[in-house]
Amino acid sequence: MTSQLDPPSATASRYPNRFKQSGLKARHLRAHTLVVAWLVLALLTTTAQQTLPIARWLAIHLFLLGAATTAIVVWSEHFAVALLHAKLPDERWSDARLAAVNLAVAGVLTGVWADLPVLIGIACALLVAAITAHLVVLVRMGRGALGGRLAPIVGFYRAAAAALVVGAVLGWMLATGHAGPRYYSGLRLAHIHVMLLGWIGLPVLGTLFMLWPTVLGVRMTERTTKVARWVLSLTGGGLVIAVAALAAGWRWAAVTGVVTYGAGAGVAVELFARTVRRRRPISSAAACTLGAATGWLIAGVIADAAILAIGPLTEASDGVGSLVPVWLAGFVAQVLIGALTYLLPIVLGTGPKERATLRAVLESGWLVRSTALNAGVALLALPLPNVVGTVGLLLAAAPAVAFLALTVRVLVRGVGRAGEGGSSRRPVLLGSAAGVVLIVLAVMVANSGGSTDGPAVAAGTGNGAATVTRTVNVTLANMRIQPGRIDVTKGTGLKLKVTNKDAQRHDLKVDGGPTTPLLSRGESRTLDLGAVTRNRTAWCTLPGHRAAGMTLAIVVKSSTGETAAGHDGHMSMAGSSGGLDLAADFSHGWKPRGAALAPVAGGTLRRIELHAVRRTIEVAPGVKQQMWTFGGTAPGPTLHGKVGDVFEVTLVNDDPTMGHGIDLHAGSLAPDQAMRTIRPGQRLVYRFRADRAGAWLYHCSTAPMLQHMGNGMYGAVIIDPPGLAKVDHEYVLVSSELYLGTPGSAVQVAKMRHDTPDAWAFNGVAAQYAKAPLMAKAGERARFWVVAAGPSDGISFHIVGTVFDTVYKEGTYLLKPGRPGGSQVLDLAVAEGGFVETTFPAGGHYSFVDHDMRHAEAGAMGMVEVSK
């Protein structure tokens, strides 16, 4: 029995002839042009490591997501047709799928490079759709096809396509910040494993079942079909377990998954070893190279399992990242070199004699080249000093360059034969060979990135000479940059001493300025920004880290302490309404939220049911925003009672997408159960006794609370002090910030973390009481309860034209009627509450504002219209 890749002269020519007649050669040539284009871009990117943002990430993804994905899509479909003896798929749809894949990849790379979350989302969706269509084609080929002994290999291609779909979704979450700081490490590990072991590893491993015996020149064993199924079950099942466990943060389950994957690969290696015979292989160089590649796969999986087993997953990222050279250069690149060493002579040669001649050229010095390459991979993988890593890089790259030269020599010879009426496959092979050789180079050079070598101080471009120089210690840890904001006087010379204290590597880039190299834990670099004259931002350039919150704001103040004007939109939102037209009209039918405080109802047990739901609310004139709410309003309903009352709050999570909880500041109890997060559809009864008076905040207790509160999940609890006198009007005003945009999006979260809201508001709607004033009459007494919900800013509450004769703050009276003193503001830090009382002396319009004028001018304002 022969394999499917035996030389044409030794096999039935049925399938090659079908492809020849179908015109697939031209399509493959076009596809390989794309492969080469991706690889050229990858190579160019590796030459710009010091100047191009996220250069190493781009180089690796240009190689894997661009070149390798295009090649796998083309060849997995090609081999599936041959192995299943299936009908050729419609060429137009195949071209459409391939075009969609490449368009999607271009969108992903552009979106990440330019930090465009919307583009990343669209591109990932397109990639998922295209690969899903590819998977459907592979599945449909099996229906009614004749099949064959190697038909189970197609299962590897199907599993790989499913892996890419998962990898694309995880990649989108990481790149756009949807993974969040808490789950980032686990999801990143899951992404790496599903892409390397799934999308790349599975098709390569499956293809070896037919390539290996062909290179040896022996028949496949009778066990091949059965073993292929076992291997697919073990590797595929292990990969599913590992990826799911990594995403969930289950370390030992992840180790089990990786070990299971390794066991599957080991079963395949055992079969390959038994296939070896004492007779000389058709190509010793190809056989040894493929054997070494398989050995690196096994070694990489074993090392991977060990890294995951010895420490927390949050610290495994760097260790797993160090295995990338093993998997790419040691495994994938060597598989390609071995395959090319065997296949090029077969397809280029016109007879046994010429094939032997071409093979001899490609095998020239193969033992030295193979030894050097594998030694280089070992040095790259081991935790050795950088200088040793450089040696490893040279050792790995030199054989690749040598193989490139040999391949060019073979191709030139083959092209020369074409003028003599040689093989019609030459155009395809030219593209294939050039592409594969460039792959080898791309892998080698891509692994040179990320070095932490470089000067200890990186200088930036300042404006003018600094009269004073200030050095600030900046730390990178837990997906955060500390401090998150640095205030400097204009003209100050600023140096940032950046230290990475995290388990995974980070860098810090200043916009328009210097960048540190990637820093491992404990490493430091100093960035010299020169004299700082404008606001600037800095961030970690690794994909998704900026969106997850690794940003730093450098805010310039004048000598008088005034903040300089924003320069590029990053800082300019502070102190402005973010472009909102607060003078505009609300939509037709809009109604303001009633500010009047309802009287305390009878009885002492107060039951309320709050439903966590999403609602679209008009939060400023003409601006509607989806909000996360308690009870459909933001803020949620105000709870009103007296000291000694018992509140029984039933929280019902009607949000189908996420968990929520509740934290009522007015209660005193162990938070473990009462404030726990409940999943969609669950209920939680929160019972507490109001032992103390005051104006209290309640809010969602689910992390990240900044986002839950920033999107509207807060409210007020008013507990009257004993003996509280009646007044003519009693209002509740809850102050808060407004962050526009898709809730939870990278852009919105960035604004929250920079404390640059689009507006400030009373009772959730900017400027609503300027459009719909509160009403009173001259001489009437009014009480204003105020709660600062934040989530980041307090309030300085003031009513223009009046003074307060009563001030009650945080459970105590600061001022009571009858005393000679008066008060002008009620100042509240975030989450504080209280009330003030005043009597309007005459008819007129009395504005009330947050006396932080940035807030007032951006929506934290209203009016009391006092009639005579």
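Computed from a predicted structure; not experimentally measured.

Rules used in this analysis
Residues numbered from 1 in each chain as written. Predicted model: local features only at pLDDT ≥ 70, side-chain atom pairs only at ≥ 80, totals over all residues. Heavy atoms only, no water. Helix = DSSP H or I, 4+ residues; strand = E, 2+ residues; numbered from the N terminus. Buried < 20%, exposed > 50% of the residue type's maximum accessible area, 1.4 Å probe, protein only. Contact = heavy atoms within 4.5 Å. Areas by Shrake-Rupley, 256 points an atom, 1.4 Å probe, with all protein chains shown as cover. Pairing = 2+ DSSP bridges. 1 Å grid on protein atoms, 1.4 Å probe; cavity = no way out; pocket = protein on both sides within 12 Å on 5 of 7 lines; lining within 4 Å. Points joined across faces, edges and corners; volume = space filled by probe spheres on them. Core = buried A, V, L, I, M, F, W, Y, C linked by side-chain atoms within 4.5 Å. Axes fitted to C-alpha atoms, helices over the stretch in contact; angles between N-to-C directions. Expected span 1.5 Å × (residues − 1). Phe/Tyr/Trp six-rings, centres within 6.5 Å; stacked < 30°, edge-to-face > 60°. Lys NZ or Arg CZ within 6 Å of the ring centre and 35° of its normal. Polar contact = N/O pair within 3.5 Å; in protein donor to acceptor, adjacent residues only side chain to side chain. Patch = residues over 30% accessible without salt bridge, like charges linked within 9 Å, V, L, I, M, F, W, Y side chains within 5 Å. Salt bridge = Lys/Arg side-chain N within 4 Å of Asp/Glu carboxyl O. pLDDT = per-residue confidence, 0-100. Parallel < 35°, antiparallel > 145°, perpendicular 65-115°, else oblique.

Visitor: What exactly am I supposed to notice about the overall build of the protein here?
Guide: When you go through the protein residue by residue, the secondary structure sums to 21 helices and 28 strands. By the burial criterion, 55% of the 868 residues in the protein qualify as buried. Counting contacts in the protein only where the partners sit at least 6 residues apart, residues at least 24 apart contribute 75% of the total. Approximately 34,600 Å² of the protein is accessible, and the part contributed by carbon and sulfur atoms is 60%.

Visitor: Hey, could you run me through the pairing of strand 22 (residues 795-799) in this one?
Guide: Sheet faces and side chains relate simply in a regular strand, where the side chains alternate between the two faces. Among the 5 residues that make up strand 22, 5 are buried, leaving the element largely enclosed by the rest of the structure. On strand 22, burial covers both faces: I795, F797 and I799 on one face and S796 and H798 on the other are all buried. As paired elements, strand 22 and strand 25 (residues 826-828) share 3 bridges and run antiparallel to each other. The residue of strand 25 that forms the bridge with I795 is L828.

Visitor: Would you mind showing me how to read empty space enclosed by the protein here?
Guide: Leftover empty space is mapped by rolling, across the atoms, a probe with the size of a water molecule. Going through the model one piece at a time under the given rule, you end up with 4 cavities of 30 Å³ or more. Estimated volume of the largest cavity: approximately 120 Å³. Surrounding the largest cavity, 13 residues form its lining, T289, I337, W366, R369 and S370 being those nearest its centre. Broken down by secondary-structure element, the contributors of at least two residues to the lining of the largest cavity are helix 10 (284-310), helix 12 (324-348), helix 14 (366-381) and helix 15 (386-418).

Visitor: Honestly, the environment of L127 in this entry has me stumped. Any pointers?
Guide: Among the structural elements, L127 can be located in helix 5 (residues 117-141). Taking C-alpha positions, L127 is 7.0 Å from A100, a pair spaced 27 residues apart along the chain. Apart from the residues within four sequence positions on either side, L127 is in contact with L65, V101, A104, V105 and A168.

Visitor: Could you clarify how one ought to interpret the pairing of strand 24 (residues 812-815) in this entry?
Guide: As paired elements, strand 23 (residues 806-809) and strand 24 share 3 bridges and run antiparallel to each other. Across the sheet, residue Y808 finds its bridge partner in strand 24, namely Y813. Counting the residues between successive antiparallel strands, the hairpin from strand 23 to strand 24 contains 2 residues, one of them, E810, with a positive phi of roughly 50°.

Visitor: Teacher, can you tell me more about the nonpolar core here?
Guide: Generally speaking, nonpolar side chains in soluble globular proteins are found buried as a group. In terms of nonpolar packing, the biggest core is built from 153 residues, with F209, L308, V474 and L496 touching the most fellow members. At 21 residues, the largest contribution of residues to this core is made by helix 7 (residues 180-216). What L496 contacts, discounting residues up to four positions off in sequence, is V472, V474, I486, L508, V510, R525, T526, L527, L529, L552 and I554. By size, the runner-up hydrophobic cluster in this structure holds 39 residues, among which are L610, A666, F688 and C700.

Visitor: Can you help me understand the sheet that holds strand 27 (residues 844-850) in this one?
Guide: Hydrogen bonding along the main chain pairs the strands of a sheet, whether they run parallel or antiparallel. One open sheet accounts for 5 strands, arranged 20-28-27-22-25; its pairing is mixed. Each edge of the open sheet is held by one strand with a lone partner, namely strand 20 (772-777) and strand 25. Strand after strand, the sheet turns through a mean of 20° between neighbouring axes, direction not considered. Two elements, strand 20 and strand 28 (residues 861-867), share 4 bridges in a ladder whose sense is parallel. Of the residues in strand 28, the one forming a bridge with K777 is S867.

Visitor: Whenever I open this one, helix 6 (residues 153-176) confuses me. Can you help?
Guide: Residues lying three or four places apart along an α-helix face the same way, a consequence of the helix completing one turn every 3.6 residues. For helix 6, spanning 24 residues, the distance from its first C-alpha to its last is 35 Å, which sits close to the expected 34 Å at 1.5 Å a residue. Most of helix 6 is tucked away: 17 of the 24 residues are buried.

Visitor: How should the packing of aromatic side chains be read in this particular structure?
Guide: How two aromatic rings sit relative to each other is set out by the distance from centre to centre and by the angle between their planes. Evaluation of the coordinates by the stated rule reveals 20 aromatic pairs. When the ring of F797 is compared with that of F848, the centres are 6.1 Å apart and the planes differ by 45°; the resulting orientation is tilted. Taken together, the residues F797 in strand 22 and F848 in strand 27 connect sequence positions 51 residues apart. According to the relative accessible area criterion, F848 is buried, its value standing at 0%. One aromatic cluster in this structure is built from Y731, F762, Y769, F784, F797, F804 and F848. One Lys or Arg, R783, reaches over the ring of F835 and ends 5.2 Å from the middle of that ring. Lying across the ring of Y813, K816 places its NZ or CZ 4.5 Å from the centre.

Visitor: Sorry, what's going on with the side chain of N102 here?
Guide: Considering the arrangement of structural elements, one finds N102 in helix 4 (residues 91-114). Within the structure, the side chain of N102 is placed 2.6 Å from the side chain of W38, a separation counted as a polar contact. Excluding residues within four positions of it along the chain, N102 makes contact with L34, W38 and T70.

Visitor: Help me understand the sheet that holds strand 4 (residues 485-489), please; the structure alone is not making it clear to me.
Guide: In spatial order, the strands read 4-9-8-6; together these 4 strands make up an open sheet with mixed pairing. At either margin of the open sheet sits one strand with a lone partner, and together these are strand 4 and strand 6 (509-510). In this sheet, strand 9 (residues 551-557) lies alongside strand 4 in parallel orientation, the contact comprising 5 bridges. Bridge pairing in strand 9 places D487 opposite V555.

Visitor: Help me understand a nonpolar patch on the surface, please; the structure alone is not making it clear to me.
Guide: A contiguous nonpolar surface patch, about 250 Å² in accessible area, is contributed by V40, L41 and L44. Take L41: it is sitting in helix 2 (residues 24-46). Given a relative accessible area of 41%, L41 falls into the partly exposed group.

Visitor: Can you walk me through helix 5 in this structure?
Guide: Its 25 residues give helix 5 an end-to-end C-alpha distance of 36 Å, which sits within 8% of 36 Å, the value for a rise of 1.5 Å per residue. Where helix 5 is concerned, the buried positions are I120, A123, C124, L127, A130, I131, H134, V137, L138 and M141. Buried residues in helix 5 make contact with helix 3 (55-84), helix 4 and helix 6.

Visitor: Just to check I follow, could you spell out the environment of S736 for this structure?
Guide: Relative to the assigned elements, S736 resides in strand 18 (residues 729-738). When its relative accessible area of 4% is taken as the criterion, S736 is described as buried. Separated by 26 residues in the primary sequence, S736 and F762 have C-alpha atoms spaced 6.6 Å apart. If we skip the residues at most four places from it in the chain, S736 touches Y714, W760, A761, G764, A789 and G790. Of note is the side chain of S736, whose polar atom sits 2.7 Å from the side chain of Y714.

Visitor: Can you walk me through the pattern of salt bridges in this structure?
Guide: Side-chain pairs of opposite charge can arise where the charged atoms are in close proximity. The final tally for this structure, using the stated rule, is 18 salt bridges. Two residues, R783 and E730, come together in a salt bridge whose shortest N-O distance is 2.9 Å. Pair noted here: R783 is in strand 21 (residues 781-790) and E730 is in strand 18, with a separation of 53 residues, a long-range link. Taking the relative accessible area as the measure of exposure, E730 reaches 19% and is therefore buried. By sharing partners, the salt bridges in this structure join E730, R781, R783, D805 and E837 into a single network.

Visitor: What is the right way to look at the confidence of the model for the protein in this model?
Guide: Where the model shows low pLDDT, its predicted coordinates should not be examined in detail. In this model, the protein carries an average pLDDT of 81, and 82% of its residues clear a pLDDT of 70 or more. Note on residues 1-19: pLDDT under 50 across the span, and 40 contacts to partners over four residues away in sequence or across chains. Between residues 460-464, whose pLDDT stays under 50, and residues either more than four places distant or in other chains, the model counts 11 contacts.

Visitor: For this particular structure, what's the right way to read the packing of helix 3 against helix 4?
Guide: For any two helices packed against each other, one specifies the crossing angle of their axes together with the interaxial distance. Where helix 3 contacts helix 4, the axes come no closer than 11 Å and their chain directions differ by 170°. As the angle between them shows, helix 3 and helix 4 are arranged roughly antiparallel. Residue-level contacts link W57, L58, H61, L62, L65, G66, T69, T70, V73, V74 and E77 of helix 3 to S94, R97, L98, V101, N102, V105, V108, L109, V112 and W113 of helix 4.

Visitor: Just checking my understanding: could you explain unusual backbone geometry for this structure?
Guide: Across residues other than glycine, the phi torsion is negative in most instances, and most of the peptide bonds are trans. Cis geometry is adopted by the peptide bond preceding P635, which originates at A634 and carries an omega value of 5°. Relative to the helices and strands, P635 resides in the loop between strand 11 (623-630) and strand 12 (639-642). Geometrically, the link from G790 to P791 is a cis peptide bond, its omega value of 15° lying close to zero. With respect to the helices and strands, P791 occurs in the loop between strand 21 and strand 22. Despite not being glycine, N763 has its phi angle at roughly 55°, a positive value. In this fold, N763 is placed in the loop between strand 19 (759-762) and helix 20 (768-771). The phi dihedral of A831 falls on the positive side, at around 80°, and the residue is not glycine.

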